Amino acid sequence: MTVRSILALIAVALLWSAPLHAQSGDVMLLADQVLVEQGGDTLVATGNVEALHEGTRLTASSIIYNRAANTLEIQGPIRITQPNGDVLTATQAELDQGFENGLLESARFVLDEQLQIASARAARVQGRYTAMSQVAATSCQVCGSDRPPLWAIRASRVVHDAEERQIYFDNAQLRVLGVPVFYMPRMRLPDPTLERARGFMIPELKTTTLLGFGIKLPYFIPIGDHADLTLTPYVSPITRTLELRYRQAFRTGDIKVNGAISRDNLDSGDLRGLFFAEGAFTLPRNFRLSFDIEAVSDDAYLNDYNSAFKKDRLDSALTLSRTQRDRFFSLGLIHYESLTDGENNATQPTIIGDLRYNRRYFPKAIGGEVRLGFQVHGHYRYSNTDIDGNDADTVVDGRDVGRANLDLSWRDRWTLAGGLRAGAVAQLWVDHFIVEQDAAAAGDYTEVTPAASVELRWPFVKQTATGARVLVEPIAQVGWIGGERSGVPNDESTRVEFDEGNLLSLSRFPAPDRRERGLIGAAGLRWMRQDPEGWRAALTLGRVWRDEVDTAFSRSSGQDSTASDWLIAGQFAHQNGLQLLARGLYDSDQTRFTKAEMRANVTRDRYTLGASYILLTTDPLEDREDAQSQWRVNGRYNIDRNWTATGSTRYDIAEGQFLNAGVGAEYRNECVAVDFSVSRSFASSTNLEPSTDFGLTVALTGFSTGGSGKEYRRSCSY
């Protein structure tokens, strides 16, 4: 047993005979030497003194405890560490035995290892308040009196409320590199440990070519523990805007509402704005209710204000669903609104209702799996015109469609000799359509479509000498789809995608108003490799054949002849952060791609870079007279520990012009965060007015409003 342990036991024995009683517990005292003066009313502890009380630890060079006065006279250096990690230091102090009341000389208060508040004198009151006079507060590294910090707040008096976690300043003066730049007679800031505090948040300076120079000043209002409201006035010479965000969490879900009201000089001074809301709730019996509301006052609002919700098509939806192991139910209602110039919302399918029910059975008598699906769907156009008007498309302007669809199928798989995998599908579709406001349509249509297919897969798996695992799998399918088309107008299956997911499929149309007919065949090859050096790759090749040309397939679908375009899809991923994904349809007759897309991402310690490319050829059936070919690039580069550069752009190769571009710079250290950005939106079909936006935010870290800067902590160099 060490000498310090013996002394600690003696100290405990002394405290047992004359305990230092606090309101809710005793104080434990450890020291190199503990003396009780004659009379037993005074206890003197010296040398490496430690006192603990309900999680609070005090260290000092000496403590004199007077039992009659119930006070502690402490000589420094003094360090008081509270249970939440806050640290209070001083040169000397007079405190009660629970460390809750008293005075400290030359005190320094450190909150959450970030914000330090130095004062000539500090008073502890009720264990909750710390009142300090002649104060300097900063979260910057302080390296001597001759080197002022980047910023500091000087005040005549500061009070920290440990319960409410608020800091109150009297006669506050903000200094930058020792130079006064701002004064407020009263100021309140949340301490670094408080996540939700009522008050102003970080302001944003913003300049746009459409709205001029302006400022955004968010104000946060907590409403209990489960809701809050953020009001953000935005003022510039062109606009007066109030933005709001409301959030609330419930026991079974949550909602979020974003809105804005503007009066500006861009639109004759009329009120403009947006309203976006979303939420999701868990209901009894595993049902889930979700909603999404999107509305704007006019087509240009999101573009003019460079809104975070910027998009060219709004969708508002209400969905009730339930997903179980063997069944699925969904009931939904969606409203669409196009903001694209040249698209008439009256002639677009605007209101869409959908009911779906799916069930799976596993009959032991026949084996395999039986699937039953039922769907009721309807879409409505506001237009009452029953013919195609004078617009760019060839669709009847007011056509409304309703349908009911029944899908019954059986499927099973077997493993044959030599590892050959076989599968069979038997399917029956029954579809009924009601078409209104179409002068060329008969009204009601019913189709009964039987179908069957057989597929074969022959997977070969090999492990190389280096430990890599390789899979090569030839696949093939023969299918037949019976019945005839009833003449129902093609109102939904106007955009067909051919990819790895439907290479072996009985119908590649996205909706039941079109199904493939006749004899079809498909073949392909899958290759995969998992390498021990940290990379994996996959490649899929495939093609579809049919006995007759199906005119319902468009040119860019890759299915407009008896032999489809070649499907080529591949992906690559490396542990060093490189990811590649590419897919395309290659027309071997014309030796070109009819459709292609590519995505690439590189993630390293110092930078991230992402790029995507898309190619769509001209296609009259898809109302695309001009080819589309675009690049999108974005990246982030950490120049050093404090500086970061960002950039993004989107370029239209077919038109030979940029659609948007932006750059940004971020600076971070232990006490400040600065973000600067410039973005340019060029004229396009969805953006008639080009605009340039400048943004600047400056945050003092160390308070909860500015976030944490502990990861950027540095040391002084001389």
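Thresholds applied
Residues numbered from 1 in each chain as written. Predicted model: local features only at pLDDT ≥ 70, side-chain atom pairs only at ≥ 80, totals over all residues. Heavy atoms only, no water. Helix = DSSP H or I, 4+ residues; strand = E, 2+ residues; numbered from the N terminus. Rg over C-alpha atoms; globule rule 2.2 N^0.38 Å. Buried < 20%, exposed > 50% of the residue type's maximum accessible area, 1.4 Å probe, protein only. Contact = heavy atoms within 4.5 Å. Areas by Shrake-Rupley, 256 points an atom, 1.4 Å probe, with all protein chains shown as cover. Lys, Arg positive; Asp, Glu negative; His and termini not counted. Charge placed at Lys NZ, Arg CZ, Asp CG, Glu CD. Core = buried A, V, L, I, M, F, W, Y, C linked by side-chain atoms within 4.5 Å. Disulfide = S-S within 2.5 Å. Phe/Tyr/Trp six-rings, centres within 6.5 Å; stacked < 30°, edge-to-face > 60°. Lys NZ or Arg CZ within 6 Å of the ring centre and 35° of its normal. Patch = residues over 30% accessible without salt bridge, like charges linked within 9 Å, V, L, I, M, F, W, Y side chains within 5 Å. Salt bridge = Lys/Arg side-chain N within 4 Å of Asp/Glu carboxyl O. Pairing = 2+ DSSP bridges. Polar contact = N/O pair within 3.5 Å; in protein donor to acceptor, adjacent residues only side chain to side chain.

## Quick word on the overall build of the protein chain
A count of helical and extended segments in the protein chain gives 2 helices and 42 strands. The globule rule puts the C-alpha radius of gyration for 718 residues at 27 Å, and the 36 Å found for the protein chain is more than 25% above it. Taken along its principal axes, the extent of the C-alpha atoms in the protein chain is 110 × 75 × 50 Å. Counting every position in the protein chain, which comprises 718 residues, the buried fraction comes to 39%. Taking all contacts inside the protein chain whose residues are at least 6 apart in sequence as the whole, residues at least 24 apart take part in 45%. Of the accessible surface of the protein chain, which amounts to about 37700 Å², a share of 56% is contributed by carbon and sulfur atoms. In the protein chain, 76 side chains carry a positive charge and 91 a negative one; their mean positions are 6 Å apart.

## As for the nonpolar core
Core analysis: the largest hydrophobic core is formed by 41 residues, its most contacted members being Leu58, Ile63, Ile74, Leu104, Ile117 and Phe169. The residues contacting isoleucine 63, other than those within four sequence positions of it, are Leu29, Leu43, Val44, Ala45, Val49, Ala51, Leu58, Leu72, Glu73 and Ile74. Leu210, Tyr234, Ala260 and Val296 belong to the second-largest nonpolar core, a separate cluster that totals 12 residues.

## Side note on the state of the cysteines
In this structure the tally under the stated criterion is 1 disulfide. Linked covalently through their sulfurs, cysteine 140 and cysteine 671 form a disulfide whose S-S length is 2.0 Å. On the sign convention where negative means left-handed, the S-S torsion of about 85° between cysteine 140 and cysteine 671 marks this disulfide as right-handed. Taken together, the positions of cysteine 140 in the loop between strand S10 (129-138) and strand S11 (151-161) and cysteine 671 in the loop between strand S40 (657-668) and strand S41 (672-681) put the pair 531 residues apart, joining distant regions of the chain. With respect to burial, cysteine 140 and cysteine 671 carry one shared label: buried.

## Some remarks on the packing of aromatic side chains
This structure, assessed with the given rule, holds 16 aromatic pairs. On the basis of an interplanar angle of 75° and a centroid distance of 4.8 Å, the ring pair of phenylalanine 200 and tyrosine 219 is categorised as edge-to-face. One end of the pair, phenylalanine 200, is in strand S14 (residues 199-200); the other, tyrosine 219, is in strand S17 (residues 219-222), with 19 residues separating them in the sequence. Through a chain of ring-to-ring contacts, the aromatic side chains of Tyr234, Tyr301 and Tyr305 assemble into a single cluster. The side chain of lysine 216 reaches across the aromatic face of tyrosine 234, ending 5.3 Å from its centre.

## Digging into the environment of proline 510
Among the structural elements, proline 510 can be located in the loop between strand S31 (469-481) and strand S32 (518-531). The exposure class assigned to proline 510 is exposed, which follows from its relative accessible area of 52%. C-alpha of proline 510 to C-alpha of phenylalanine 658: the two residues are 148 residues apart in sequence and 33 Å apart in space. Other than its neighbours up to four places away in sequence, proline 510 contacts Glu492, Ser493, Arg495 and Val496.

## Things to note about a nonpolar patch on the surface
On the surface, a cluster of nonpolar side chains totalling about 680 Å² of accessible area is made up of Tyr607, Leu609, Trp631, Val633, Tyr637, Ile639, Trp643 and Ile653. No other element matches strand S38 (residues 628-638), which puts 3 residues into the nonpolar patch. Within the fold, tryptophan 643 resides in strand S39 (residues 643-652). Using a relative accessible area of 40% as the deciding quantity, one classes tryptophan 643 as partly exposed.

## Topic: the pairing of strand S3 (residues 42-53)
In the sheet, strand S1 (residues 28-30) pairs with S3 via 3 bridges, with the strands oriented antiparallel. Residue pairing for S3: methionine 28 is matched across the bridge by leucine 52. Relative to S3, strand S2 (residues 33-36) runs antiparallel, the two being bridged by 4 bridges. Bridging across to S3, valine 36 finds its partner in leucine 43. Judged from the 10 bridges that link them, S3 and strand S4 (residues 56-66) form a sheet pairing that is antiparallel. The partner of threonine 46 across the bridge, within S4, is serine 62. What sits between S3 and S4 in their antiparallel hairpin is a turn of 2 residues, with glutamate 54 showing a positive phi close to 50°.

## Re the pairing of S41
Where S40 lies against S41, 9 bridges are found, and the strand directions are antiparallel. Residue pairing for S41: asparagine 660 is matched across the bridge by serine 681. From the end of S40 to the start of S41, which pair antiparallel, there are 3 residues.

## Quick word on the side chain of aspartate 693
Here aspartate 693 is to be found in strand S42 (residues 691-700). A distance of 2.6 Å separates a polar atom in the side chain of aspartate 693 from a polar atom in the side chain of asparagine 306. Ignoring sequence-local partners within four residues, the contact set of aspartate 693 consists of Thr207, Thr208, Asn306, Ser677, Val678 and Ser679.

## Digging into unusual backbone geometry
Look at asparagine 48: it is not a glycine, yet its phi comes out positive at around 50°. Mapped onto the secondary structure, asparagine 48 falls in strand S3. Backbone geometry places leucine 177, a non-glycine residue, at a positive phi of 50°.

## So, the side chain of threonine 594
Note on placement: threonine 594 falls in strand S36 (residues 592-603). Once you skip the residues sitting within four places of it in the chain, threonine 594 turns out to touch Ser556, Asp565, Leu585, Asp587, Leu615, Leu616 and Thr617.

Fair warning: the whole summary comes from geometry, so function is off the table for now.
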